[in-house]
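Here's the letter readout for the chains.
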Amino acid sequence: MHFHRKVELLYVTKGTKRVIVNNAPYVLQQDNLCIIDSYSLHYYEPSDGEQTVVTLTTASCENFFKHRSNKTLCGNVIDDRDYCRTRVRPCLDNLFDYAKMDAYSVQANVDMLLSGICARIGLKKSAEPFEIENMDAILAYIEKNYNKDLPLSALAAHFGYSKYYFSRLFNNIFHTSINDYLSIIRLEKTLQYLHSHNCSITTAALNNGFNSMPTFYRVLKKFHTGLPKAAKPPRKE
C-alpha cells in the first residue's frame with residue numbers, strides 16, 4: 001500500500017480487479033473506473049484481469065485541485081459501463097498518445113476527464129481543510145526521518161500541534177493513522193533495502209526504523225500479501 005500527491009486512474013479492460021482505497025475494498029468489472037485521489041492509500045491486488053493505469057502529473061491536475069478545493073470525492077469507482085466506454089475510455093486513449101498531442105490538447109483531455117468524474121461521483125466537504133503544501137511537508141519530514149524513533153508527540157510538536165489534534169488531522173487527510181503510515185513506509189524501505197543489500201532481514205528491518213523483529217513481522221503480515229522468501233518469519237521447531 002502507498003499513496004502520493006498525484007492522481008491515478010485505473011480502468012479495467014478485461015476480467016475483474018480488486019483494489020483497496022483508504023481501507024475500502026472494491027471489485028471492479030470490465031469497463032469500470034477507479035480514481036485514486038491525492039494522498040489516498042491504495043493497493044491493487046494481483047489478478048488475471050487486465051487494466052490500464054494512468055498517473056496524472058500534479059501540474060496537469062491543478063484545475064482539478066482548484067475545483068475540488070477543500071472537498072473530497074464521495075467515492076472512488078464509476079461502474080456505469082456505458083459512461084466509462086463512451087466518456088472515459090476515449091480520454092484515456094488520447095492521453096496514451098500524448099506524444100502526438102500539443103500541451104493544450106493534453107490539458108483539455110485531463111480537465112474533461114476529471115470534471116466528468118467529479119460530476120459523476122460527487123464531492124463532499126472535507127472534515128479537515130488543509131493546504132497541500134502542509135501535506136507535502138508532513139510526508140517529506142516522515143520520508144527523511146522514518147528510520148528514527150518518531151513518537152506521535154514529537155511529530156505533532158514539530159508541526160506545532162497537540163498530539164491529539166495532529167493524530168485526527170493526519171487520519172482525516174490521509175485516511176490512515178500515523179502509526180500505520182509509518183509502518184508502511186518502514187516496510188517498503190526494508191524490502192527495498194533487502195533487495196539491494198546482501199544482508200539478513202533482521203539487519204534490513206532494524207536499519208529502517210523497526211525496533212524489533214516481532215514488530216516487523218506483524219507489520220509484514222498486515223500490509224504485505226506476497227512475502228519475499230527472505231522476509232518470511234523463521235519456523236518454530
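For the structure, check the block above.
Residues numbered from 1 in each chain as written. Predicted model: local features only at pLDDT ≥ 70, side-chain atom pairs only at ≥ 80, totals over all residues. Heavy atoms only, no water.

S.K.: How would you sum up the overall build of the chain? Please name residues and give values.
M.R.: Scanning the chain for helices and strands turns up 9 helices and 9 strands. Per-residue burial for the chain yields a buried fraction of 41% across its 237 residues. As displayed, the chain offers around 13200 Å² of accessible surface, 50% of which is attributable to carbon and sulfur atoms. Across the chain, the centroid of the 29 positively charged side chains sits 7 Å from that of the 23 negatively charged ones. (Helix = DSSP H or I, 4+ residues; strand = E, 2+ residues; numbered from the N terminus. Buried < 20%, exposed > 50% of the residue type's maximum accessible area, 1.4 Å probe, protein only. Areas by Shrake-Rupley, 256 points an atom, 1.4 Å probe, with all protein chains shown as cover. Lys, Arg positive; Asp, Glu negative; His and termini not counted. Charge placed at Lys NZ, Arg CZ, Asp CG, Glu CD.)

S.K.: Any chance you could break down the pattern of salt bridges for me, citing the residues and the numbers?
M.R.: For the structure shown, the criterion picks out 8 salt bridges. When the shortest N-O distance is used, the salt bridge between arginine 85 and aspartate 31 registers 3.1 Å. A residue pair is termed long-range when its members are at least 10 positions apart, and arginine 85 in helix α2 (residues 81-96) and aspartate 31 in the loop between β3 (24-28) and β4 (33-36) qualify at 54 residues. For arginine 85, a relative accessible area of 38% translates into the label partly exposed. Here aspartate 31 falls in the buried class, since its relative accessible area comes to 7%. Counted as one network, the salt bridges with shared partners bring together Asp31, Asp82 and Arg85. (Salt bridge = Lys/Arg side-chain N within 4 Å of Asp/Glu carboxyl O.)

S.K.: Give me the packing of aromatic side chains: which residues, what numbers.
M.R.: Throughout the structure, instances matching the rule amount to 9 aromatic pairs. Aromatic side chains phenylalanine 166 and phenylalanine 170 sit 6.3 Å apart centroid to centroid with 45 degrees between the ring planes, which places their arrangement in the tilted category. Residue phenylalanine 166 and its partner phenylalanine 170 are both found in helix α6 (residues 163-174); the two are separated by 4 residues, about one turn of the helix. The class of phenylalanine 170 is buried, set by a relative accessible area of 2%. (Phe/Tyr/Trp six-rings, centres within 6.5 Å; stacked < 30°, edge-to-face > 60°.)

S.K.: Account for the nonpolar core, naming residues and giving values.
M.R.: In this structure, Ile142, Phe170, Phe174, Leu187 and Phe216 are the most contacted members of the largest nonpolar core, which totals 34 residues. The leading source of residues in this core is helix α7 (residues 178-196), at 8 residues. Judged by nonpolar contacts, the second largest core, of 24 residues, contains Phe65, Cys91, Val110 and Ile121. (Core = buried A, V, L, I, M, F, W, Y, C linked by side-chain atoms within 4.5 Å.)

S.K.: So, the sheet that holds strand β2 (residues 17-21): which residues are in play, and what are the values?
M.R.: What the 3 strands build is an open sheet, ordered β3-β2-β5; its pairing is antiparallel. Single-partner strands in this sheet number two, and they are β3 and β5 (42-44). Strand-to-strand twist across the sheet, computed as the mean angle between neighbouring axes with direction ignored, equals 20 degrees. Pairing of β2 with β5 involves 3 bridges; the strand directions are antiparallel. Residue pairing for β5: valine 19 is matched across the bridge by tyrosine 44. (Pairing = 2+ DSSP bridges. Axes fitted to C-alpha atoms, helices over the stretch in contact; angles between N-to-C directions.)

S.K.: Which residues make up the packing of α7 against helix α9 (residues 213-223), and what values go with them?
M.R.: At a closest axis distance of 10 Å, the pairing of α7 and α9 adopts a crossing angle of 95 degrees. On the basis of their axis angle, the class for α7 and α9 is roughly perpendicular. Along the contact surface, α7 presents Asp180, Ser183, Ile184, Leu187 and Thr190, while α9 presents Phe216, Val219, Leu220, Lys222 and Phe223. Its residues assigned to classes, the contact of α7 with α9 comprises 6 nonpolar, 2 polar and 2 charged. (Parallel < 35°, antiparallel > 145°, perpendicular 65-115°, else oblique. Contact = heavy atoms within 4.5 Å. Nonpolar A, V, L, I, M, F, W, Y, C, P; charged D, E, K, R; others polar.)

S.K.: Outline the sheet that holds β4, listing residues and values.
M.R.: One open sheet accounts for 4 strands, arranged β6-β1-β4-β8; its pairing is antiparallel. Sheet topology places β6 (50-56) and β8 (77-78) at the edges, where each strand pairs with a single neighbour. Of the pairings in the sheet, the one linking strand β1 (residues 7-14) to β4 comprises 4 bridges and is antiparallel in character. If you follow tyrosine 11 over to β4, its bridge partner there is leucine 33. Packed on one face of the sheet, α2 meets β1, β4, β6 and β8 and runs near 115 degrees to β1.

S.K.: An account of the packing of α2 against helix α3 (residues 103-121) is needed here, citing residue identities and associated values.
M.R.: The geometry of α2 relative to α3 is characterised by a closest axis approach of 9 Å and an angle of 150 degrees between their N-to-C directions. With respect to each other, α2 and α3 are oriented roughly antiparallel. Note on packing geometry: the crossing formed by α2 with α3 is left-handed. Across the interface between the two elements, Tyr83, Val88, Cys91, Leu92, Asn94 and Leu95 of α2 pack against Val106, Asn109, Val110, Met112, Leu113, Gly116, Ile117 and Arg120 of α3. (Left-handed = near helix turned anticlockwise from the far one by under 90°.)

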